[in-house]
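# A structural walkthrough
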Amino acid sequence: MDIQLDGVSWEELLGRDNWEGLLNPLNDSLRLLILRCGDLCQVTYDSFNNDENSKYAGSCRYGKESLFQKVMFPAADEYRVFAYLYAAARVSHIEAMFFSSRSRESWDRESNWIGYIAVTSDEVSAALGRREIYIPWRGTTRDYEWINVLGAKSEEASILLKPKSWDKKSANGDDDDDDKIPRVMRGWLSIYTTSDSRSEFSKYSARDQLQSKINKLLQKYKDENVSIITTGHSLGASLAILCAFDLAENGVEVPVSAIVFGSPQVGNKEFNERINEFPNLNVLHVRNKTDTIPLYPSGFLGYRDTGVKLEIDNQKSPFLKPNPSVGDRHNLQAMLHVIAGWNGGDGKFELKVKRSLALVNKSAEIIREEYRIPGSWWVEKNKGMVRDEDGEWVLAPPADEDQPVPEEFDD
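Keep in mind that this is a model prediction, so the values were computed, not measured.

Residue position: Gly115 is located in strand 2 (residues 111-120). For the pair Gly115 and Val254, spaced 139 residues apart in sequence, the C-alpha separation works out to 21 Å.

This part is about the state of the cysteines. In this structure the tally under the stated criterion is zero disulfides. Not part of a disulfide, Cys37 finds its nearest cysteine sulfur in Cys41, a span of 6.9 Å. Take Cys37: its relative accessible area is 0%, and that puts it in the buried class. For Cys243, which is in no disulfide, the shortest distance to another cysteine sulfur is to Cys41 and amounts to 12 Å.

Moving on, we get to helix 7 (residues 206-220). Between its terminal C-alpha atoms helix 7 stretches 21 Å, which fits the 21 Å expected from 15 residues at 1.5 Å a residue. Within helix 7, burial applies to Ala206, Arg207, Gln209, Leu210, Lys213, Ile214 and Leu217. On an axial view of helix 7, the arc spanned by its buried residues comes to 155 degrees, and they lie on one face. Looking at the buried positions of helix 7, the neighbouring elements they touch are strand 1 (79-88), strand 2, strand 3 (131-137), helix 6 (186-193), strand 6 (226-233) and helix 8 (235-249).

Evaluation of the coordinates by the stated rule reveals 18 aromatic pairs. With a centroid separation of 6.3 Å and 65 degrees between ring planes, the pair formed by Phe319 and Phe349 is classed as edge-to-face. With Phe319 in the loop between strand 11 (308-312) and helix 10 (326-330) and Phe349 in the loop between helix 11 (332-341) and strand 12 (385-387), this pair connects stretches of sequence that are 30 residues apart. Given the relative accessible area of 10%, Phe349 is considered buried.

All right, on to the sheet that holds strand 3 then. Pairing within the open sheet is mixed, and its seven strands lie in the order 1-2-3-6-7-9-11. Edge positions in the open sheet fall to strand 1 and strand 11, since each of these has one partner strand only. Each strand of the sheet is rotated relative to its neighbour by a mean of 20 degrees, with strand direction disregarded. As judged from the three bridges shared by strand 2 and strand 3, these two strands associate in the antiparallel manner. Residue Gly115 lies in a different strand from strand 3, and its bridge partner there is Trp137. Sitting on the sheet, helix 7 touches strand 1, strand 2, strand 3 and strand 6, and the angle it makes with strand 1 is about 155 degrees.

Here is what the cut-offs are and how they apply
- Residues numbered from 1 in each chain as written.
- Predicted model: local features only at pLDDT ≥ 70, side-chain atom pairs only at ≥ 80, totals over all residues.
- Heavy atoms only, no water.
- Helix = DSSP H or I, 4+ residues; strand = E, 2+ residues; numbered from the N terminus.
- Disulfide = S-S within 2.5 Å.
- Buried < 20%, exposed > 50% of the residue type's maximum accessible area, 1.4 Å probe, protein only.
- Expected span 1.5 Å × (residues − 1).
- Arc of directions from axis to C-beta.
- Contact = heavy atoms within 4.5 Å.
- Phe/Tyr/Trp six-rings, centres within 6.5 Å; stacked < 30°, edge-to-face > 60°.
- Pairing = 2+ DSSP bridges.
- Axes fitted to C-alpha atoms, helices over the stretch in contact; angles between N-to-C directions.

Shape descriptors only; they carry no functional weight alone.
This is how it looks when you write it as structure tokens:
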């Protein structure tokens, strides 16, 4: 699925002009880019080990070298995984969101795999004349209990802001200046900025891991035309927006775009105003018209929507069941299916690119029954069980190439 630049520039696809003229009708090049981002997000779901019976619960099932091949990513040969990202999992108010093994031999009780950094291969970059860096963040697989776990409390975003641009109080100590401070939801910020010295995987926060790896990539490709796209679905979308802002705020000058799906609200009006100050930073939010998750936490609590909105309507597709559940309305693959056939709110649904209908039922049962596609069909063979030499059925350990390995950093 090559992303052909059909009459538009790469910079326009990244939102240089706020996607003006590209959303209605949906430009086919942008359609392909959105689908590519969605497929990169799906990789995090398809490869995450959420079986708490496994001693590797909370890790990625596959190593960096074979990740794309083993999840059957449609452009596996075009990208290389540069780094894995981990979040500290044992923080009081977010611990219930993450997975930890019930085994006494757990790979790591303090960390969860939260995303990765991928780069276009040398061959593809040479052909395109640009180097694309993608940062997909994993959403939660615990349905929506994270809404109750995280709560809606906001926190000053001072940890993300450049010192010179941060004035917490005015010179006369006027508390009214607090109203001008960028604030973000505490839960998102905790996941992004918390470290745990007990773990080799999260001894640095996800933020510090990301900044270190991105700095290396920018130095390595300093003579190339580089762009960065952060992406995610649901909770992962919130992290993608936070991370894109953080990169632009702290000196990354190449184009940075967040292309996200079904994102809850991230910050207040001042946070969004600050995002708009950076000409190289743009946010495109793809959301289903009837999905309620993007309304959380709520404008009544001071939160605001972020970025340019591409609102689609899953009910336009004749392939999807009527009366979907809350989860079905928020499902990533259902949204990608609709994007593939979206012709605007007034247009008729008609697939513009080839995309398997079966993908919609990968982790749900959303397709109409007459198409006879089983629900939630993406599972490990025998749920990872194998028969050992003694004839006992046991959970198989990962192959050597798939064992979790801490990332290396320059201390």
